[in-house]
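Structure at a glance
Spelled out from the first residue to the last, the chains are:
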Amino acid sequence: MSIFVIGYYVALIAASCLAAYFGQRRLFLLLFSMTLLSFVLGIIGGVPALRFVTICAGLLALAAGVSYAFKEFLVQVSRPSLAKELRTAPLTASFGMFVIFTYAIAGIFAPVIAPYGESEVITQAFAPPDENLLLGGDQLGRDIFSRIIYGARNSVGLALVATMLAFIVGALAGLLAAVKGGWFDNLMGRIADVIMSVPSLIFALLMLSILGTSLWVIVVVVAVIYSPRVFRLTRAVAGNIVVMDYIEAAKLRGEGDWHLIRKEILPNSTAPLIAEFGLEFCFVFLLIAGLSFLGLGIQPPTADWGSMVRENATLISFGDVTPLIPAGAIALLTVAVNFVVDWMLFRSSGLKEV
Amino acid sequence: MGDLLGLVLKRLGLGLVALLVVSVLIFFAVELLPGDIAQAVLGQSATEETVQALRERLGLDRPAIVRYFDWLGGAVTGDFGVSLVSGERVSEAISDRFVNTLFLAAYAAVLAVPIAIFLGILVALLRNSIFDRVANVLTLTSISSPEFFLGYVLILYLAVRASMFPAIASLSGDMTFLELLHRTFLPALTLVLVVTAHMMRMTRAAIINLLSSPYIEMARLKGMPPFKVIVRHALPNAWAPIINVVALNLAYLITGVVLVEVVFVYPGVGQLLVDAVSKRDFPIVQACCLIFAATFILLNLAADVGTILTNPRLRHPK
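This one's a predicted model, so the numbers in the text were calculated from it and none came from an experiment.

1. With respect to the overall build of chain B
Secondary structure assignment for chain B yields 13 helices and zero strands. In terms of overall dimensions, chain B has C-alpha extents of about 85 × 60 × 35 Å along its principal axes. Split into buried and exposed, the 318 residues of chain B put 38% on the buried side. By sequence separation, contacts in chain B at least 24 residues apart represent 72% of the contacts at least 6 residues apart.

2. Focus on the overall build of chain A
Of the regular secondary structure elements, chain A holds 14 helices and zero strands. When the helices and strands of chain A are read in sequence order from the N terminus, they spell out α-α-α-α-α-α-α-α-α-α-α-α-α-α. By residue count, 38% of the 354 residues in chain A fall in the buried class. Partitioning the contacts of chain A with sequence separation of at least 6, the portion at a separation of at least 24 is 65%.

3. Notes on the interface of chain B and chain A
Every contact between the two is made by 45 residues of chain B and, on the other side, 42 residues of chain A. Contributions of two or more residues to the side of chain B that touches chain A are made by helix H1 (2–30), helix H6 (130–144), helix H7 (147–161), helix H9 (185–211), helix H11 (226–263), helix H12 (269–279) and helix H13 (282–310) of chain B. Among the elements that line the side of chain B that touches chain A, the one with the most residues is H7(B), at eight residues. Counted by class, the side of chain B that touches chain A contains 36 nonpolar, six polar and three charged residues.

4. Side note on the confidence of the model for chain B
Overall, the prediction assigns chain B a mean pLDDT of 82, with 95% of residues at 70 or greater. Across the interfaces of the predicted complex, the ipTM metric reaches 0.85, alongside a pTM of 0.86.

5. Some points on the nonpolar core
In this structure, A:Ala204, A:Val222, A:Ile288 and B:Cys288 are the most contacted members of the largest nonpolar core, which totals 170 residues. At 19 residues, helix H6 (residues 144–180) of chain A tops the list of elements feeding residues into this core.

6. Concerning unusual backbone geometry
Comment: phi is negative for the bulk of residues other than glycine, and the bulk of peptide bonds are trans. Despite not being glycine, B:Val265 has its phi angle at roughly 50°, a positive value. Within the fold, B:Val265 resides in the loop between H11 and H12.

7. Some words on the environment of B:Asp281
Residues and elements named next belong to chain B. Inspection of the secondary structure puts Asp281 in the loop between H12 and H13. Overall, Asp281 belongs to the buried group, with 23 C-beta atoms counted inside 10 Å. In sequence terms Asp281 and Val85 are 196 residues apart; their C-alpha atoms lie 6.3 Å from each other. Ignoring any residue separated from it by four or fewer positions in sequence, one finds Asp281 in contact with Ser83, Leu84, Val85 and Ala276.

8. Description of the environment of A:Ala178
All names here are of chain A. For Ala178, the position within the fold is in helix H6. The exposure class assigned to Ala178 is buried, which follows from the 25 C-beta atoms found within 10 Å. The spacing of Ala178 and Val242 is 64 residues in sequence and 7.0 Å in space, taken between C-alpha atoms. Not counting the four nearest positions on each side in its chain, Ala178 is found in contact with Arg235, Ala238, Gly239 and Val242.

9. Focus: the packing of helix H10 (residues 214–221) of chain B against H11(B)
Pairs of packed helices are described in terms of their axes, by the angle between the two and the distance that separates them. Residues and elements named next belong to chain B. Direction vectors running N to C along H10 and H11 enclose 150°, while the axes themselves pass 10 Å from each other. Overall, the two elements H10 and H11 adopt an arrangement that is roughly antiparallel. Every pair of crossing elements has a handedness; the one defined by H10 and H11 is right-handed. Judged by residue contacts, Tyr215, Ile216, Ala219 and Arg220 of H10 engage Val229, His233 and Ala234 from H11. Per-class residue counts for the contact of H10 with H11 are five nonpolar, one polar and one charged.

10. Re helix H11 (residues 257–265) of chain A
Residue and element names in this part refer to chain A. Residues Leu260, Glu264 and Ile265 constitute the buried set of H11. An end-on view of H11 places all buried positions within 70° of arc, on one side of the element. Exposed positions of H11 whose direction lies more than 90 degrees from the buried face are Trp258 and Lys263. Where H11 is buried, its residues meet H6, helix H9 (215–242) and helix H10 (245–253).

11. Describing H7(B)
All names here are of chain B. Taking 1.5 Å per residue as the helical rise, H7 with its 15 residues ought to reach 21 Å, and the 20 Å between its terminal C-alpha atoms agrees with that figure. Helix geometry: H7 is bent most strongly at Ile155, by close to 30°. Those residues of H7 not exposed but buried are Glu147, Phe148, Phe149, Leu150, Gly151, Tyr152, Leu154, Ile155, Leu156 and Ala159. At the exit of H7 stands Ser163, carrying a positive phi of roughly 35°.

12. A word on the environment of A:Ile218
Residue and element names in this part refer to chain A. Along the chain, Ile218 falls in helix H9. Exposure remark for Ile218: the 27 C-beta atoms within 10 Å place this residue in the buried category. Measuring from C-alpha to C-alpha, the distance between Ile218 and Gly297 comes to 7.1 Å, with 79 residues separating the pair along the chain. Setting aside chain neighbours within four positions, we find Ile218 in contact with Leu158, Ala162, Thr213, Ile288 and Gly297.

Cut-off values and rules
- Residues numbered from 1 in each chain as written.
- Chains lettered and ligands numbered in written order.
- Predicted model: local features only at pLDDT ≥ 70, side-chain atom pairs only at ≥ 80, totals over all residues.
- Helix = DSSP H or I, 4+ residues; strand = E, 2+ residues; numbered from the N terminus.
- Buried ≥ 20, exposed ≤ 12 C-beta atoms within 10 Å, placed from the backbone.
- Contact = placed C-beta atoms within 7 Å.
- Nonpolar A, V, L, I, M, F, W, Y, C, P; charged D, E, K, R; others polar.
- pLDDT = per-residue confidence, 0-100.
- Core = buried A, V, L, I, M, F, W, Y, C linked by C-beta atoms within 7 Å.
- Axes fitted to C-alpha atoms, helices over the stretch in contact; angles between N-to-C directions.
- Parallel < 35°, antiparallel > 145°, perpendicular 65-115°, else oblique.
- Left-handed = near helix turned anticlockwise from the far one by under 90°.
- Arc of directions from axis to C-beta.
- Expected span 1.5 Å × (residues − 1).
- Bend = angle between axes of the 7 residues up to and from the residue.

This is the structure we're talking about:
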């Protein structure tokens, strides 16, 4: 029994007692079940397992602290009406916003933050990390840390452009279909059905094998694959609005389709559309990451997270974590966006699960 | 019963039409190539004669529509033509790999489906508790991670650091079944993680949706024990959404399998497809895409049919 183990259990049990004393039922349940779990873990995994749990708990607490502080910061700096809404955000959502904010900073100021250029060869292949190279060198001797920073710009930027295109095409088609109805509506619906009946990754592979892998091809192909989803949602949301009386009134006033879409339908469907944009971004981001992992996305020497994982994958067989960092960066951003979208969906639908 | 059969047949017919349209899409997408296949495969530096020779070999002098029906006829009988790169028959290259891919997907499904349904029902019953919150965050994380991230994390911790499972899922003919399961455990586990998370969330949503309906409240109010409420009242109506969830997620496996096969160097169709795409071996790309799309459509169809069979209300559309 080391000091660490004794301290670990004392801290856990003391914390659960405190939670029980102050009537925090949930916290108590969590802490106490963790204590019980730790007994099992401690027997199986020994001290390292307990150390691992401590580190995880510490990280979680840190993340929670940061997101709470970030939320308070946002509440302070934003307008009163916005601040009121932000106050209701759960910790997960503010964590998501914090992560997105960090990525945006990293992407925008990449040349300032990164110590080296993205395709600058500065050392030998797979150089170990030292004080100059935070994460070591990659397979060509480029600085992995700088490439990850630049990756925030390239990977996220490409996904963002593709999502926007998909969204504009899909939303426009959906709104037009809802307003016009008839054959146009049917045609668009059928086209969407056909595109959606091919798995997205397979469709992307087919199109990229034919059209090559230039950036514009990727953007257009991804937009074609994902716009049907946006179309479906927009069509459904707008379909509910088109039957309202005020739309009828606007039509009787003699307003055109474009006015109906812009002034009557769009303002009433922004909330679900924004949430859908977030979700769509996650799908697109994961698809593009998968494509670049397969060597069909952003081409070298441009830094990109998906291809970085593939290029440095050999390091994993030596037990090195570095190749996982770009993959983890992809996962973290997707999780963050999902957290924020979850909150927005919850707010916009007023959906209170029973 | 007769009109149930009619409804199912109608769905099958629609699926067939979808498959036909997709085959048209897959075939004619290749026609989008600048120039034609022969030019694209041989490159700019090829002489006019070699291009002409390849054109003749592929029968490109015939109109596209004739070639499409040729190709479709071949595809129906399992003949997808000849690989442009190796000269091997595509059907031969695919058949073994297809069995491997099916095995991997089935392995993952057998593990994932019971776990996901059990956990999904569990978190639905414990909804809004701390366990539900934790499960929500965990499943969201698992869904949001790219498959290759999960795969490499598993390789790093279970294969390299703990050396419990092999990192590369190479198969040989003379393995026992148990050995096979051990070899392919990591790729299967990666798929299980992703699919379980999806299925759990969807099952949870379906069950919660159901538990808020009035007849469940009635059963509860008349003093029925919670276990009985679930088994006797909720479950018979929950089958439809659950079958739907399972089929949809099996369809999702089809896409996931491509990335996982590449990560674990597993000899399946996904790996073949990715190789063929980088070599621009169009007959193989087309065949693989058609197989994947067909499986995808079939599973979606299964979801539809399953829903119709388990939900009497859908049998009598208004």
